[in-house]
Amino acid sequence: MDPSRPLPGRGPFLSSSVHAAAALLLLLVLLVTLLGLPISISPRAAPNLTDQRPQEPACDPASPLDCADPRLFHLMMHSAIEAFPAVHFARFGRPVPGDPPSASCDMAWRARSDSDSPSKATTKDYRRFAIARDPRTCAYSVLSIGEYHSGPNARKPRRAAKNATIAPPPPPALSCSQFARGSYLAYVGGGDRCKPMPHYLRSLLCTLAEARYLNRTLVLDLTLCLSAAYAAAGTGGMPEEGKRLAFYIDVDHLHSQVPIIEEGQFWADWDRWGVQGQLPARLVEDTRHSPIKYSKVRDTLIVRKFGDVEPGNYWYNVCEGEAKGVLHPMRRVIRWAPSLMNIVDDIVSRMQPDFDSVHIDANGEDLRRKVEEGLDAGRQVYVAGEGVSSALVEALKAKLTVHHLDEFEDLWGTDSKWFLEMRRLNGGVPVEFDGYMREVVDREVFLRGKKKAEVLR
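Residues numbered from 1 in each chain as written. Predicted model: local features only at pLDDT ≥ 70, side-chain atom pairs only at ≥ 80, totals over all residues. Heavy atoms only, no water.

For the coordinates displayed, the defined rule picks out 3 disulfides. The disulfide partner of cysteine 67 is cysteine 105, and the gap between their sulfur atoms is 2.0 Å. Across the S-S bond of cysteine 67 and cysteine 105 the torsion is about -85°, and the bridge reads as left-handed. Taken together, the residues cysteine 67 in the loop between helix H1 (10–35) and helix H2 (70–83) and cysteine 105 in strand E3 (residues 104–112) connect sequence positions 38 residues apart. Cysteine 67 gets classed as buried once you look at its relative accessible area, which sits at 3%. Since its relative accessible area comes to 0%, cysteine 105 is described here as buried. For cysteine 206, the disulfide goes to cysteine 319, at an S-S distance of 2.1 Å. On the sign convention where negative is left-handed, the bridge of cysteine 206 and cysteine 319, at about 110° about the S-S bond, is right-handed. Pair noted here: cysteine 206 is in helix H4 (residues 197–214) and cysteine 319 is in the loop between strand E12 (301–306) and helix H7 (338–350), with a separation of 113 residues, a long-range link. (Disulfide = S-S within 2.5 Å. Helix = DSSP H or I, 4+ residues; strand = E, 2+ residues; numbered from the N terminus. Buried < 20%, exposed > 50% of the residue type's maximum accessible area, 1.4 Å probe, protein only.)

The next point concerns helix H10 (residues 417–425). Of all the residues in H10, the buried ones are Trp418, Phe419, Met422 and Leu425. Looking down the long axis of H10, one finds its buried residues gathered within 130° of arc, a one-sided arrangement. Buried residues along H10 sit against strand E9 (240–244), H7 and helix H11 (435–447). Positive backbone phi, approximately 70°, marks glycine 427, located one or two places after H10. (Arc of directions from axis to C-beta. Contact = heavy atoms within 4.5 Å.)

Across the 6 residues that make up strand E13 (residues 356–361), a large majority, 5, are buried. Pairing geometry for E13 and strand E14 (residues 380–384), over 4 bridges, is parallel. Considered in E14, the bridge of valine 358 is made with valine 383. Inspection of the sheet shows E13 paired to strand E16 (residues 452–456) by 5 bridges, in the parallel sense. (Pairing = 2+ DSSP bridges.)

Given below as structure tokens:
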């Protein structure tokens with residue numbers, strides 16, 4: 001028999017056997033896969049098929065709250081909306097741990113002004129929420145919401161908006177040797193925060209006068225808290241922190257009169273070079289101590305620390321008493337911001353150069369008569385002051401060509417040069433033309449009048 005030829009019948013038989021075995025193996029693999037059973041090629045113990053249902057949650061009231069929990073976030077939002085029905089909320093920030101972190105979260109929000117506001121500005125607040133947890137179910141509940149600006153952990157630094165011109169960079173930090181060669185005066189604490197602007201300016205002039213007398217660089221916070229008296233409609237009548245001093249005052253001119261270093265920059269440098277004892281500092285806690293006593297002091301830093309009791313903790317008290325003889329607040333160092341004076345110039349340019357003006361600080365039925373008594377009929381008149389109303393303006397138009405501040409609101413609207421400049425200065429964040437800005441512009445236009453009259457209470 002030819003050995004190269006296969007045995008009859010065995011080739012097809014072996015081939016069919018192999019195919020049948022492969023098909024059976026494939027069927028077993030599919031069956032195991034569908035049943036979800038583990039596949040093992042070595043002998044192992046059977047898997048533990050005990051009950052693996054989730055356990056009931058348990059909460060430790062002493063553990064930190066998960067303020068990022070979406071359930072808690074929504075509860076805090078709903079609580080704020082219910083607690084402040086008069087506030088028109090625009091958006092909420094993400095909650096962050098408060099103090100103590102086991103029972104509080106801080107959350108910020110923005111609220112819209114009235115819809116007729118030309119700048120559509122918003123105001124910002126951040127508050128602390130007291131939170132409780134059910135120890136069995138972990139369910140959250142809001143116990144209380146703190147006062148205005150009670151949640152500082154939620155306060156975020158301003159950021160430049162997209163497609164907006166970025167604010168000018170801060171001055172470069174001093175080197176250690178440059179910092180050590182300087183001498184500084186800092187005011188800490190006190191009751192001047194959020195006071196009306198005349199109060200703030202009086203205290204600011206006093207600090208500038210002492211810094212000039214002592215020949216020291218003044219450590220100054222270049223932001224201020226705007227008093228609630230100047231808050232715009234729809235803000236809830238609350239003071240507003242974080243307003244830049246440059247919105248109101250010519251800071252460049254201020255720098256040219258008295259050396260100034262921004263507060264945040266100074267304390268960062270002091271933490272690096274002064275706090276370790278390398279540079280001497282002197283603490284003064286009594287406003288009655290005259291600057292004369294410290295005129296020869298060689299310490300790098302003099303800190304005036306003010307207490308909590310008003311009115312004794314006002315900064316301007318430093319310039320009272322014995323200090324009156326040496327400290328002379330210089331009003332010429334304060335100039336209004338160029339951005340505000342540009343609005344004044346634009347208003348004046350739209351009126352006749354020899355317009356008359358009247359400042360009204362009164363009200364009553366005979367107000368029209370009092371105004372007309374001090375003015376010549378037929379003249380162009382600018383009316384300023386708190387007593388101006390639409391009804392009075394319409395009544396005066398019978399004999400006079402009358403102008404008032406609201407007539408020129410396009411000069412600070414969202415398309416104005418002022419609005420774009422303030423947004424640039426504020427790092428891309430829009431700025432509202434607030435009550436004190438209105439007061440400054442209104443008064444300055446009044447002072448430009450050829451013939452000026454005042455109607456008082």
